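Chain residues, written in single-letter form:
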Amino acid sequence: SETDFASRSGEVFGKVIDFETSFELVDFKTITEKNVADIGAEELVHVEASFTEGLPGAVVFLLPKDATARIVDYMIKSDGEVEFDPDDHLDGIREAVGELMGHELTKLSERIGISLRNEIRPARLMSSDEIKEDYIGCQAAKFNVEIHYKVQDVERTESFAMWKLIAPETGERLGEMLGDAPEAGDED
């Protein structure tokens, strides 16, 4: 379920950036013409993990530019005080998402008993208009991501929203593989 993904992702991301990190699932829905605006009006960083084995379609991650810059800066053990620069930050976020998906595919492969592989495409910027054009019909999980760290012995927390979009054909096939009868309260 996306709740399980959230708890595992906090662990994986925490290792990638070397700070305690938590993911909390705050929303899950199918994107429609009416609710696509919920993703926001700002340009977002878009990272696509396209399946090459085991499943059709792709999973897409959408992150704010400022959060992307800080995450990549933390990955190189810097302080996160940095402006977003596509040349500096798009490759790094692709690597971070690769770690996330690699871990997730291992767990999912074990659960459904088939080998799953994907390819992380180059990260890019995407406008809200492009999101509207491309992602109607996708399942969307919204996570609140919190990063906990210390600056001069002062505990700090920063948070941002990250969207994980699942292509309709991916969600459908995954539902079949996992058994399509979700239990009450389960958001598989």
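Up top is the structure these notes are about.
Residues numbered from 1 in each chain as written. Predicted model: local features only at pLDDT ≥ 70, side-chain atom pairs only at ≥ 80, totals over all residues. Heavy atoms only, no water.

Caption draft 1: Expanded view of the overall build of the protein chain. Along its length, the protein chain carries five helices and seven strands. Helices and strands appear in the protein chain in the N-to-C order α-β-β-β-α-α-β-β-α-β-β-α. The C-alpha radius of gyration of the protein chain comes to 16 Å, within 12% of the 16 Å expected for a compact globule of 188 residues. Looking at the protein chain as a whole, 45% of its 188 residues are labelled buried. The long-range fraction of contacts in the protein chain, counting pairs at least 24 apart against all pairs at least 6 apart in sequence, stands at 67%. Summed over its atoms, the accessible surface of the protein chain is roughly 9800 Å², and 43% of this surface lies on carbon and sulfur atoms. If the 19 positive side-chain charges of the protein chain are averaged to one point and the 43 negative ones to another, these points end up 2 Å apart. (Helix = DSSP H or I, 4+ residues; strand = E, 2+ residues; numbered from the N terminus. Rg over C-alpha atoms; globule rule 2.2 N^0.38 Å. Buried < 20%, exposed > 50% of the residue type's maximum accessible area, 1.4 Å probe, protein only. Contact = heavy atoms within 4.5 Å. Areas by Shrake-Rupley, 256 points an atom, 1.4 Å probe, with all protein chains shown as cover. Lys, Arg positive; Asp, Glu negative; His and termini not counted. Charge placed at Lys NZ, Arg CZ, Asp CG, Glu CD.)

Caption draft 2: View of the side chain of Ser-109. Relative to the assigned elements, Ser-109 resides in helix α3 (residues 86-112). A distance of 3.3 Å separates a polar side-chain atom of Ser-109 from the backbone oxygen of Ile-114. Once you skip the residues sitting within four places of it in the chain, Ser-109 turns out to touch Ile-114, Ser-115 and Leu-116. (Polar contact = N/O pair within 3.5 Å; in protein donor to acceptor, adjacent residues only side chain to side chain.)

Caption draft 3: Quick peek at the pattern of salt bridges. If you walk through the whole model with that rule in mind, you get 13 salt bridges. Lys-164 is paired through a salt bridge with Glu-2; the nearest N and O atoms lie 3.1 Å apart. With Lys-164 in strand β7 (residues 154-166) and Glu-2 in helix α1 (residues 2-17), this residue pair connects regions lying 162 residues apart in the sequence. We note that Lys-164, like Glu-2, is buried. Here Lys-77 ties to Asp-18 by a salt bridge, and the two come within 3.8 Å at their closest N and O atoms. (Salt bridge = Lys/Arg side-chain N within 4 Å of Asp/Glu carboxyl O.)

Caption draft 4: Quick look at the packing of aromatic side chains. Inspection of the entire model under this criterion finds seven aromatic pairs. On the numbers, 5.6 Å between centres and 45° between planes, the contact of Phe-19 with Tyr-149 is tilted. Separated by 130 residues along the polypeptide, Phe-19 in the loop between α1 and β1 (20-30) and Tyr-149 in strand β6 (residues 139-151) bring together distant segments of the chain. On the accessibility criterion, Phe-19 (23% relative accessible area) is partly exposed. A centroid spacing of 5.9 Å and a plane angle of 45° characterise the contact between Tyr-74 and Tyr-149, whose relative ring orientation is tilted. Here the residue Tyr-74 occupies a position in helix α2 (residues 65-75), and Tyr-149 occupies one in strand β6, the gap between them amounting to 75 residues. Linked through ring pairs, Phe-5, Phe-13, Phe-23, Phe-61 and Phe-143 together constitute an aromatic cluster. The ring of Phe-5 has Lys-164 sitting right over it, with the charged end atom 3.7 Å from the ring centre. (Phe/Tyr/Trp six-rings, centres within 6.5 Å; stacked < 30°, edge-to-face > 60°. Lys NZ or Arg CZ within 6 Å of the ring centre and 35° of its normal.)

Caption draft 5: Summary view of the pairing of β6. Pairing geometry for β1 and β6, over 10 bridges, is antiparallel. Counted as the bridge partner of Thr-30 is Gln-139 from β6. Judged from the 13 bridges that link them, β6 and β7 form a sheet pairing that is antiparallel. The partner of Ile-147 across the bridge, within β7, is Glu-158. Hairpin connection, β6 to β7: the antiparallel pair is bridged by two residues, and Gln-152 has positive phi, about 45°. (Pairing = 2+ DSSP bridges.)

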